[in-house]
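Examination of the molecular architecture
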Amino acid sequence: MEQNSDEDKLSRPSYVDCMELPERTEAVNVEDIKTDLSDEFRSASSSSDTSGRSSLEPRGHIQVCLRIKPFTARERANGSQGCVSLEDSTSIILKSPKSSLGRMSDKTLGQTTQKFTFSRVFGPEATQEEFFEGTVKQPVKEFLEGCNCLVFTYGVTNAGKTYTFQGTEDDVGILPRTMDMLFKTVGGRLYTKMDLKPIRWRDYVKLTNDKVREEIALKNSLLRLTKEVDHHNSTNDNPQLILRYVLY
Ligand SMILES: Nc1ncnc2c1ncn2[C@@H]1O[C@H](COP(=O)(O)OP(=O)(O)OP(=O)(O)O)[C@@H](O)[C@H]1O
């Protein structure tokens, strides 16, 4: 088997590698780490092009969106109390549930309300379509223009990751909507000739007319063989015989 040379390997640009990390002279504490990460994210974000953007302006390399899950009918019936309140389209106030306040000391009571800021916040009433339009649609457009994008969901169990990504049959999530957009966009650019053959995992060879005919003949004979094996499968349970057919 042919080995891939080093030049074959895709070199992927990394903006994190390019950044100079500050040299530490003192012991590391949690506040240090928080500050350092904020700096890294900010510098990675601000280095990107912000022209022609729509849904999540100003955009950077990293976008963090929050989706707040609505209460289920059962949770409403049980009198569940909301701990998250939307301040504006990018920030929320998180409050400890009233039931937990009784157990807290005066010192911790002051820390029970916290503000968090995101690239964009989607309230419990946000539909799957609104969420897709406001988060993933723009990166998918950029992907179609040749940029690499990564989208992932993060949250505790039952937070709504699968619902957001996959959705339900009636109300699909961001993954089927992305596939739909990709296929609709590339559909018109489909290469309909059958003269490209994949080799290894990311290369193709262009076949001559003779080779195309050879490939078609080979595929037809394989198809015939598969049908014969299927037929034998349904009439004969002898695995050795089936295996011999496949090998011939
Ligand atoms: N935005 C939403 N609107 C309506 N129902 C939702 C929403 N988000 C989640 N749900 C419902 O909440 C339940 C849990 O959601 P889901 O299975 O997506 O969680 P998860 O984060 O993938 O959990 P796990 O990590 O355990 O797989 C499901 O019944 C789902 O239909």
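Note that the structure is a prediction, hence the values are computed from the model and not measured.

What counts as what
Residues numbered from 1 in each chain as written. Predicted model: local features only at pLDDT ≥ 70, side-chain atom pairs only at ≥ 80, totals over all residues. Heavy atoms only, no water. Pairing = 2+ DSSP bridges. Helix = DSSP H or I, 4+ residues; strand = E, 2+ residues; numbered from the N terminus. Axes fitted to C-alpha atoms, helices over the stretch in contact; angles between N-to-C directions. Near = heavy atom within 4 Å. Polar contact = N/O pair within 3.5 Å; in protein donor to acceptor, adjacent residues only side chain to side chain. Areas by Shrake-Rupley, 256 points an atom, 1.4 Å probe, with all protein chains shown as cover. Nonpolar A, V, L, I, M, F, W, Y, C, P; charged D, E, K, R; others polar. Core = buried A, V, L, I, M, F, W, Y, C linked by side-chain atoms within 4.5 Å. Buried < 20%, exposed > 50% of the residue type's maximum accessible area, 1.4 Å probe, protein only. Contact = heavy atoms within 4.5 Å. Salt bridge = Lys/Arg side-chain N within 4 Å of Asp/Glu carboxyl O. Phe/Tyr/Trp six-rings, centres within 6.5 Å; stacked < 30°, edge-to-face > 60°. Lys NZ or Arg CZ within 6 Å of the ring centre and 35° of its normal.

**Quick word on the sheet that holds strand β2 (residues 84-86)**
- Judged by pairing direction, the sheet is antiparallel, and its 3 strands sit side by side in the order β2-β3-β4 without closing on themselves. Each edge of the open sheet carries a strand with a single partner, namely β2 and β4 (113-117). Mean inter-strand twist for the sheet, computed between neighbouring axes without regard to direction, equals 25°.
- In this sheet, β4 lies alongside strand β3 (residues 91-95) in antiparallel orientation, the contact comprising 5 bridges. Across the sheet, Ser91 pairs through a bridge with Thr117, a residue of β4.

**Regarding the site of the ligand**
- Surrounding the ligand, one finds Arg67, Lys69, Pro70, Val156, Thr157, Asn158, Ala159, Gly160, Lys161, Thr162 and Tyr163.
- One nitrogen or oxygen atom from the main chain of Gly160 is found 3.0 Å from an oxygen atom belonging to the ligand.
- Thr162 places a polar side-chain atom, nitrogen or oxygen, 2.5 Å from an oxygen atom of the ligand.
- When the ligand is considered free in solution it has 630 Å² of accessible area, and contact with the protein chains removes 63% of it.
- Here the shell around the ligand is built from residues that sort into 4 nonpolar, 4 polar and 3 charged.

**A word on the nonpolar core**
- Formed by Phe122, Ala126, Phe131, Phe132, Val136, Val140, Ile174, Met181 and Leu182, the largest nonpolar core amounts to 9 residues.
- Broken down by secondary-structure element, the contributors of at least two residues to this core are α6 (128-135) and α9 (174-187).
- Per-element accounting of this core gives the leading share, 3 residues, to α9.
- Non-local contacts of Val140, meaning those with residues more than four positions away in its chain, are made with Thr178, Met181 and Leu182.

**Description of the pattern of salt bridges**
- As enumerated under the stated definition, the model contains 9 salt bridges in all.
- Note that Lys184 and Asp180 form a salt bridge whose closest N and O atoms lie 2.9 Å from each other. Taken together, the residues span about one helical turn, with Lys184 and Asp180 both in helix α9 at a distance of 4 residues.
- On the accessibility criterion, Lys184 (63% relative accessible area) is exposed.
- Given the relative accessible area of 38%, Asp180 is considered partly exposed.
- Between Arg213 and Asp210 there is a salt bridge whose closest N-O contact spans 2.7 Å. With Arg213 and Asp210 both in helix α10 (residues 209-235) and 3 residues apart, the pair spans about one turn of that helix.

**A look at the packing of aromatic side chains**
- Per the counting criterion, the structure on display carries 1 aromatic pair.
- Over the ring of Phe131 we find Arg67, and its NZ or CZ is 4.9 Å from the ring centre.

Coordinates in, geometry out; function isn't part of it.
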